[in-house]
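Residue-level structural notes
Chain by chain, the residues:
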Amino acid sequence: MLKRAIAITLLSSSLVFADATTKPTTNPTMSSSTTQPSTQPSAAKKKFVTPAELARQMQEQTQTVEKMLQVAHFDLNEAFREKPASFSFFGEPSPTLRDLIARIEKAGDDATIKAAVFYIGAGTGLNFSQAQEVRDAIAELRRAGKKSFVYADSYDTTSYIVASGATNICLMQGGEIFIPGIGFETMFYKGAFDKLGIAADYVQIGEYKGAEEPFTRSEPSEELKGEMNKLVEAYYQQIVNGISLNRNLKSEDVKRAIDGAIVSGKQAESLGWVDHLVDADGLRGLMKEELGDEINLVHNFGSAEREAIDLSNPFTLLAALNKRETPSEKPKVAIVYADGTIIDGKGGEGMFGGSSVGSEDIRQAMRMAARDDSIKAIVIRISSPGGSALASEAMWQSVRRVAKDKPVVISVGGMAASGGYYLASAGDWIVADPSAIVGSIGVVGGKFVMTDLYEKLGISTMTFSRGQNADLFSSTSRFDEKQKRMVRTWMKNTYDQFTDRITTTRGKKIKDIDKIARGRIFLAADAKDLGMVDEIGGLKTAISNAAGRAKLGEASNYDVTILPPPTTFADILSGRGADAKLPFTPRIEISADSILRSLPLDLRESLGQQLNLMSILQDRPVALMSPYVIRMK
């Protein structure tokens, strides 16, 4: 690994981290003067380097680099997915948050690595819960006796949370730290609907649920206000306590700085928020000074080595496309991702950039896990606001079927709310990130009545039907009293089934189901106190717990695999990936999709989630969906 890293370092053209000790090799066939004619005698006398001499020079260069202090380099200036990409041309998994954390842990265990540097640059794509997991992994380097350096041009809340785990926080002198506190914006569409002529005919079970309020109210109810204020306070305390603990600062001083919102570079240094004011090009010199010797940056430390592919050779390319990973003989822990809105059937990417997980996706993964004798335990990583009630029940059933024979541990990322918690309750053990939202056990249902909108648009409708409730899903009429009772009964049955599923697996841990249900939401710590969660921790904790339940021993005794595995191009050509789609589609330059993607991310995610709810309710007027879209800035 080190030799490969040295080669990369010697060939690197990075401006920021260029190795000043490595000089470019002069072409031996060229004379020292570019104006000297090639017919000059001195040109003919130029000595060529022999292969043996070239090998000796390369060996000396390698030895020089090996004598330097090896520093692992990590680039955090990119988005990190929870779930690997579902498609891979060459069968290689895409980098994920779990991969990043595993690489950091590897740096802590590698005796040749003396320190690590994390480059954030202009920003990072980590969300709040991911930032906390990365921070904790960086903090482990300190406990391993290794220094760590984090650099950014400026820090916002999530990037500073990451940086707070390091021994050395570096900031450009003209940069700043921007941590304005925590604030949620909830959107209400009733006013717009009134102008458009759309009426939301909704019912909800659970007075704290709040999922119908964006459509039926112009402001939140007192119950929803209470839940949102509870979340704001809990997140705020996590930010303050995390910074205070990791930077050894007083909580009151942290709160005072947050109230100032923007802290300049010089202020940040004087307050103890950063350790060094240095620009990106001065970072190498700073590390050399702090570590006491010349350093060699090991770029992409811990990344899997990839075989070079000759794209000009069709036979080599075809072989690469058909290449499959050699199955390991070790027992395995399988990770299944439930990321996004829960829907019936198969999930995928949404038009707003969000994702969905389908009941068939989880069923497929559970069947694969059940049939594979090498898989001894399963971890389901959930980050979902919920969705279809029917799909949630189908997922619960498929997980419980497998759990009879193999341990199933749940890992909650950003959220396991409503249908997401329905799925989580199917596990034998629930591990949740500290900032995870858990709960929202309630039901919402209804439809949108478009009569006034149709009239404004000059659209007329005529209904032909048989059966007293044939117009139950009609967009031109409200529920009559009988239908409303029918829908409420339907929803009450769904709610009772939801709570029954929870008590089936967690009845001994949750003392009072009514206290945690009715649409209430909790952060992980409170959820643990109430018996909704068993343990606070990340994906690594969940994997270790699952392996322990399967009696697999140390991490070196087993492998971790993803189910279902990414589909490759060869799978599609051979028919093994019959349901797979190519990762690219023809696209018009200016489209509705491109316009929607130009909207601010917060607005895009909120609209996307509401549209997902509307889509679910088209088929059946009952859903398990949380109304919350939360982003940290």
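1. Quick notes on the overall build of the protein
- Within the protein one finds 24 helices and 25 strands.
- Within the span of the protein, comprising 633 residues, buried residues form 45% of the whole.
- In the protein, the share of contacts with a sequence separation of at least 24, taken over all contacts with a separation of at least 6, comes to 75%.
- When the accessible area of the protein is evaluated, it comes to approximately 31,700 Å², of which 52% is carbon and sulfur surface.

2. Here we look at the packing of aromatic side chains
- Going through the model one piece at a time under the given rule, you end up with 14 aromatic pairs.
- On the numbers, 6.0 Å between centres and 0° between planes, the contact of F193 with F215 is stacked. With F193 in helix 7 (residues 190-196) and F215 in helix 8 (residues 213-216), this pair connects stretches of sequence that are 22 residues apart.
- The exposure class assigned to F193 is buried, which follows from its relative accessible area of 10%.

3. Notes on the environment of D452
- As for its position among the elements, D452 is in helix 17 (residues 451-457).
- In this structure D452 comes out as partly exposed when scored by relative accessible area, which is 45%.
- Along the primary structure D452 and D194 are separated by 258 residues, whereas in three dimensions their C-alpha atoms are 9.1 Å apart.

4. What to know about the sheet that holds strand 9 (residues 276-277)
- Taken together, the six strands give an open sheet; going across it, the order is 9-5-4-3-1-10, and neighbouring strands pair in parallel fashion. Of all the strands in the sheet, the pair left with one neighbour each is strand 9 and strand 10 (295-298).
- Pairing between strand 4 (residues 147-152) and strand 5 (residues 168-171): four bridges, direction parallel. When the bridges of strand 5 are listed, F149 appears paired with N168.
- The strands touched by helix 4 (residues 97-109) within the sheet are strand 1 (69-75) and strand 3 (113-121), with strand 1 carrying the most contacts at an inclination of about 170°.

5. Description of the pairing of strand 5
- With burial as the criterion, each face of strand 5 is covered, one bearing N168 and C170 and the other bearing I169 and L171.
- With helix 6 (residues 157-163) bridging strand 4 and its parallel neighbour strand 5, the resulting β-α-β unit is right-handed.
- Two elements, strand 5 and strand 9, share two bridges in a ladder whose sense is parallel. If you follow C170 over to strand 9, its bridge partner there is H276.

6. With respect to the packing of helix 9 (residues 222-247) against helix 10 (residues 251-260)
- With their axes 9 Å apart at the nearest point, helix 9 and helix 10 run at an angle of 120° to one another. By the angle between their directions, the pair helix 9 and helix 10 is classed as oblique. Of the two elements, helix 9 crosses helix 10, and the hand of that crossing is right-handed. Residues Y236, Q237, I239, V240, N241, I243 and S244 of helix 9 lie in contact with helix 10, whose contacting residues are S251, V254, K255 and I258.
- Among the residues making up the contact of helix 9 with helix 10, the classes are represented as six nonpolar, four polar and one charged.

7. Regarding the pattern of salt bridges
- A full pass over the atoms with the stated rule returns 27 salt bridges.
- Among the ionic pairs, E207 bridges to R518, the shortest N-O distance being 2.4 Å. With E207 in the loop between strand 7 (199-205) and helix 8 and R518 in the loop between helix 19 (513-516) and strand 21 (521-523), this pair connects stretches of sequence that are 311 residues apart.
- Taking relative accessible area as the criterion, R518 reaches 21% and is therefore assigned partly exposed.
- Among the charged side chains, a salt-bridge network with shared partners connects E82, E133, R381 and D433.

8. Some words on the confidence of the model for the protein
- Taken as a whole, the protein shows an average pLDDT of 81; of its residues, 75% reach a score of 70 or greater.
- Across the protein, the element-wise mean pLDDT spans from 36 in helix 1 (residues 2-11) up to 97 in strand 18 (residues 429-432).
- Scored below 50 in pLDDT, residues 1-44 shows 50 contacts in the model against residues more than four places distant or in partner chains.
- Contacts for the low-pLDDT stretch residues 578-598, under 50 throughout, to residues beyond four places or in other chains number 24 contacts.

9. What about the environment of T489?
- Note that T489 resides in helix 18 (residues 481-506).
- In terms of polar contacts, T489 uses its side chain to reach the backbone carbonyl oxygen of R485, at 2.8 Å.

10. As for a nonpolar patch on the surface
- A cluster of nonpolar residues, V49, L54 and M58, forms a patch on the protein surface that exposes about 260 Å² of accessible area.
- Topologically, M58 is positioned in helix 3 (residues 51-67).

11. Section: the packing of helix 4 against helix 5 (residues 128-143)
- Put simply, helix 4 and helix 5 touch, their axes get as near as 8 Å, and they point 10° apart. Our classification of the angle between helix 4 and helix 5 gives roughly parallel. Here L97, L100, I101, I104, A107 and G108 of helix 4 lie close against helix 5, whose contacting residues are Q130, E133, V134, A137, I138 and L141.
- For the contact of helix 4 with helix 5, a count of residues per class yields nine nonpolar, two polar and one charged.

12. Here we look at the environment of S544
- Note on placement: S544 falls in helix 21 (residues 539-549).
- S544 gets classed as partly exposed once you look at its relative accessible area, which sits at 40%.
- Residues S544 and V409 lie 135 residues apart in sequence; the distance between their C-alpha atoms is 9.7 Å.

13. So, the nonpolar core
- Counting residues in hydrophobic clusters, the biggest one holds 57 residues, and the most contacted among them are F74, I104, F118, Y155, I177 and W273.
- The leading source of residues in this core is helix 9, at eight residues.
- Aside from chain neighbours lying at most four places away, what touches F118 is F74, L76, I104, I138, L141, S148, F149, V150 and Y151.
- If you look at the next biggest cluster of nonpolar residues, it comprises 54 residues, including I410, A416, A426 and I516.

14. Quick word on helix 10
- Turning to helix 10, its buried residues are V254, A257 and I258. End-on, the buried residues of helix 10 take up no more than an arc of 100°, which puts them together on one face. Exposed and facing more than 90 degrees away from the buried side of helix 10 are R256 and D259.
- Backbone geometry just after helix 10 places A261 at a positive phi near 70°.

15. Thoughts on the pairing of strand 20 (residues 443-449)
- In terms of burial, strand 20 is largely enclosed, as seven of its seven residues are buried.
- The alternating pattern of strand 20 places V443, G445, K447 and V449 on one face and V444, G446 and F448 on the opposite face, and all of these are buried.
- Sheet topology note: the strand 7/strand 20 ladder contains seven bridges and is antiparallel. Each residue of the ladder has a partner; that of A200, found in strand 20, is F448.

16. Observations regarding unusual backbone geometry
- For the bond from L563 to P564, the omega torsion is -15°, close enough to zero to count as cis.
- For P564, the location among the structural elements is in the loop between strand 23 (559-563) and strand 24 (567-568).
- Even without being glycine, S418 reaches a positive phi, approximately 50°.
- Take S418: it is sitting in the loop between strand 17 (408-417) and helix 16 (419-424).
- Residue classification places S418 among the buried positions, given a relative accessible area of 0%.
- Here the phi dihedral of K551 falls at roughly 60°; this positive angle occurs in a residue that is not glycine.
- For K551, a relative accessible area of 75% gives the class exposed.

Analysis parameters
Residues numbered from 1 in each chain as written. Predicted model: local features only at pLDDT ≥ 70, side-chain atom pairs only at ≥ 80, totals over all residues. Heavy atoms only, no water. Helix = DSSP H or I, 4+ residues; strand = E, 2+ residues; numbered from the N terminus. Buried < 20%, exposed > 50% of the residue type's maximum accessible area, 1.4 Å probe, protein only. Contact = heavy atoms within 4.5 Å. Areas by Shrake-Rupley, 256 points an atom, 1.4 Å probe, with all protein chains shown as cover. Phe/Tyr/Trp six-rings, centres within 6.5 Å; stacked < 30°, edge-to-face > 60°. Pairing = 2+ DSSP bridges. Axes fitted to C-alpha atoms, helices over the stretch in contact; angles between N-to-C directions. Right-handed = clockwise from strand over helix to strand, strands pointing away. Parallel < 35°, antiparallel > 145°, perpendicular 65-115°, else oblique. Left-handed = near helix turned anticlockwise from the far one by under 90°. Nonpolar A, V, L, I, M, F, W, Y, C, P; charged D, E, K, R; others polar. Salt bridge = Lys/Arg side-chain N within 4 Å of Asp/Glu carboxyl O. pLDDT = per-residue confidence, 0-100. Polar contact = N/O pair within 3.5 Å; in protein donor to acceptor, adjacent residues only side chain to side chain. Patch = residues over 30% accessible without salt bridge, like charges linked within 9 Å, V, L, I, M, F, W, Y side chains within 5 Å. Core = buried A, V, L, I, M, F, W, Y, C linked by side-chain atoms within 4.5 Å. Arc of directions from axis to C-beta.

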